[in-house]
Amino acid sequence: MNQQMMKQAVANAATEFLVPHLGENVTIGIGTGSTANFFIDALAEHKNKIAATVASSIATEERLRAHEITVIDLNEATHIDFYIDGADEANHQLQLIKGGGGALTREKIVASAAKEFVCIADESKLVDQLGAFPLPIEVIPMAARYVSREIVELGGKPILRANVMTDNGNIILDINDFTISNPNETETMLNMIPGVVTNGLFSLRPADKLFLGSASGRVKELRIKSE
Ligand code: 5RP
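Residues numbered from 1 in each chain as written. Predicted model: local features only at pLDDT ≥ 70, side-chain atom pairs only at ≥ 80, totals over all residues. Heavy atoms only, no water.

A.B. asks: Would you mind going over the site of the ligand with me for this structure?
C.D. replies: Contacts to the ligand come from 17 residues, most closely from S34, T35, D88, K98 and G99. In this structure, D88 approaches the ligand through a side-chain N or O atom, which is 2.7 Å from an oxygen atom. Between the ligand and A103 there is a distance of 3.2 Å, counted from an oxygen atom to a backbone nitrogen or oxygen. In isolation the ligand offers 380 Å² of accessible surface; the protein chains occlude 91% of this area. Along the lines of polarity and charge, the residues of the shell around the ligand split into two nonpolar, nine polar and six charged. (Near = heavy atom within 4 Å. Polar contact = N/O pair within 3.5 Å; in protein donor to acceptor, adjacent residues only side chain to side chain. Areas by Shrake-Rupley, 256 points an atom, 1.4 Å probe, with all protein chains shown as cover. Nonpolar A, V, L, I, M, F, W, Y, C, P; charged D, E, K, R; others polar.)

A.B. asks: Help me understand the side chain of T27 in this model?
C.D. replies: Turning to its location among the elements, T27 is positioned in strand β1 (residues 27–30). For T27, a relative accessible area of 7% puts it in the buried group. The contacts of T27, once residues within four sequence positions are left out, are A52, V54, I72, A77, H79, I80, D81 and F82. (Helix = DSSP H or I, 4+ residues; strand = E, 2+ residues; numbered from the N terminus. Buried < 20%, exposed > 50% of the residue type's maximum accessible area, 1.4 Å probe, protein only. Contact = heavy atoms within 4.5 Å.)

A.B. asks: It is not clear to me how the packing of aromatic side chains should be interpreted in this structure. Could you clarify?
C.D. replies: Two aromatic rings are characterised by how far apart their centres lie and by the angle between their planes. Inspection of the entire model under this criterion finds three aromatic pairs. Within the aromatic cluster, the residues linked to one another by ring pairs are F17, F82 and F211. Its end group placed over the ring of F202, K98 keeps NZ or CZ at 5.7 Å from the ring centre. Positioned above the aromatic ring of F202, the side-chain terminus of K108 is 5.3 Å from the ring centre. (Phe/Tyr/Trp six-rings, centres within 6.5 Å; stacked < 30°, edge-to-face > 60°. Lys NZ or Arg CZ within 6 Å of the ring centre and 35° of its normal.)

A.B. asks: So what exactly am I meant to see when it comes to unusual backbone geometry here?
C.D. replies: In most cases, non-glycine residues show a negative phi, while peptide bonds are predominantly trans. Positive phi, close to 55 degrees, is recorded for N163, a residue that is not glycine. Within the secondary structure layout, N163 lies in the loop between β8 (157–160) and β9 (171–176). Positioned with a positive phi, D177 is a non-glycine residue whose angle comes to about 50 degrees. Mapped onto the elements, D177 comes out in the loop between β9 and α6 (183–191). Judged by its relative accessible area of 59%, D177 falls in the exposed class.

Structure representation (structure tokens):
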């Protein structure tokens, strides 16, 4: 099975998991990216059972609406029951790096608001230590150079993502060569730099469950491993 097939397989697994929970008062948060797109397309088969969704990006909102799935604003939602999204990296504690698609801020908001966060990814995303994937941070444009200097002080190499403006009108810096030995600490520290809107570490609020696709076609369900 290639990577696209694995993404399709985990999207199907998440759909199978979710369908029995769908109902009148159930709101689903929907992530962004190619794996999330497979999930949206699989979920659309059950659109008559979907009361409402909250999208984590304009692209996701457009895809949901194209399927005639109801999308509401987060401010209209009294609760979010499930959040389903992909990841760029996941460790065995289900802490993630996200933001490869630039949607990290809205993704983190919707994930944080959700009662259960289900991550879907192919096996290439599972790592022992986070950080080989450059860590995205969303930054207010006027703070780009200041934040870059602060990141260099912390030992990382920030690279401006060219020609990208987020749905919130901001820029993305991708932090390369950054050691993340304590994801909770790093997430908190980056949040404290003025001008940083969000960083792509999803550590303080990790996923609750990870559907991981493998080349053999098998989809494993991982939960947080106790230390
Ligand atoms: C978007 C994300 C995506 O979930 C992440 O980049 C994984 O993408 P894909 O499913 O295309 O591999 O965080 O901001």
